[in-house]
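# Examining the three-dimensional arrangement
As a plain string of letters, each chain reads:
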Amino acid sequence: MKARKSVRVYDPTFSIPKEEIEEMIQMATSAPSSSNLQPWRFLVIQDQEVKKELRTIANNQEQVETSSAVIAVLGDHEMYQKVEQIYNQNFAEGHMNEAITKQMIDSTRRVYPQISTEARKNIASFDAGLISMQFMLLAKEKGYDTVTMGGFDKVKFAERFELPEGTFPIVLIALGKAAAPAYGSSRLPVNDIVRFI
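Attention in this report is confined to the structure presented alongside it.

What counts and how
Residues numbered from 1 in each chain as written. Predicted model: local features only at pLDDT ≥ 70, side-chain atom pairs only at ≥ 80, totals over all residues. Heavy atoms only, no water. Helix = DSSP H or I, 4+ residues; strand = E, 2+ residues; numbered from the N terminus. Buried < 20%, exposed > 50% of the residue type's maximum accessible area, 1.4 Å probe, protein only. Core = buried A, V, L, I, M, F, W, Y, C linked by side-chain atoms within 4.5 Å. Contact = heavy atoms within 4.5 Å.

## Details of unusual backbone geometry
Comment: phi is negative for the bulk of residues other than glycine, and the bulk of peptide bonds are trans. Of note, the phi angle at Asn-59 is positive, near 55 degrees, even though the residue is not glycine. When you line up the elements, Asn-59 lands in the loop between helix 2 (48-57) and helix 3 (62-66). One non-glycine residue, Glu-162, adopts positive backbone phi at about 45 degrees. The class for Glu-162 is exposed, based on a relative accessible area of 67%.

## What about the nonpolar core?
Counting 31 residues, the largest nonpolar core has Ile-21, Met-24, Leu-37, Ile-71, Phe-135, Ile-173 and Leu-175 as the members making the most contacts within it. Of all elements in the fold, only helix 1 (18-28), strand 2 (69-76), helix 4 (83-92), helix 6 (117-141) and strand 4 (167-176) reach the threshold of two or more residues within this core. In terms of residues, this core owes the most to one element, helix 6, which gives seven residues. Here Phe-135 is in contact with Ile-21, Met-24, Ile-25, Ala-28, Ile-71, Ile-173 and Leu-175, once residues within four sequence places are set aside. Residues Ile-57, Val-70, Met-149 and Leu-172 belong to the second largest nonpolar core, which totals 19 residues.

Laid out in structure tokens, this is it:
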């Protein structure tokens, strides 16, 4: 945690294999999510020409083009549609019995469609933050660097990459090898941010 910094200058000649990125995302999926619905989706952009194009959508941020890959973290606000797949797998792997499985599926099918789209987007965004942090810590553990970027045109991004219905962009994560050290950063004292009762 202390070693991870937001790196914005990358070695453009350094490449990370697709399989290794896939493995890191798989490991990061151990992150918790609301009702275990895992509302995160990913678009991994490695093609240099596509990254150049993305840079114009992402406020001309250099790291979009020079990093090894940009991981677009997306949310699925219709996450409850996968409830049967998720909970049947939980049952098959022995994590819960059949009665609990059925109860969780029925409850999710009853509750989530009643929640507003905005509220479901908030849930997906929160859960995406959890998996994004896990991914960045895993990347650092493997010797790579990252920076999250919220500053991009989300409407243009969704249009350019033809995101499916119910899926929306949340953050971009540049992933690669630092070519210059990141700036350090200060933190507020714990007494300013914590109150014990």
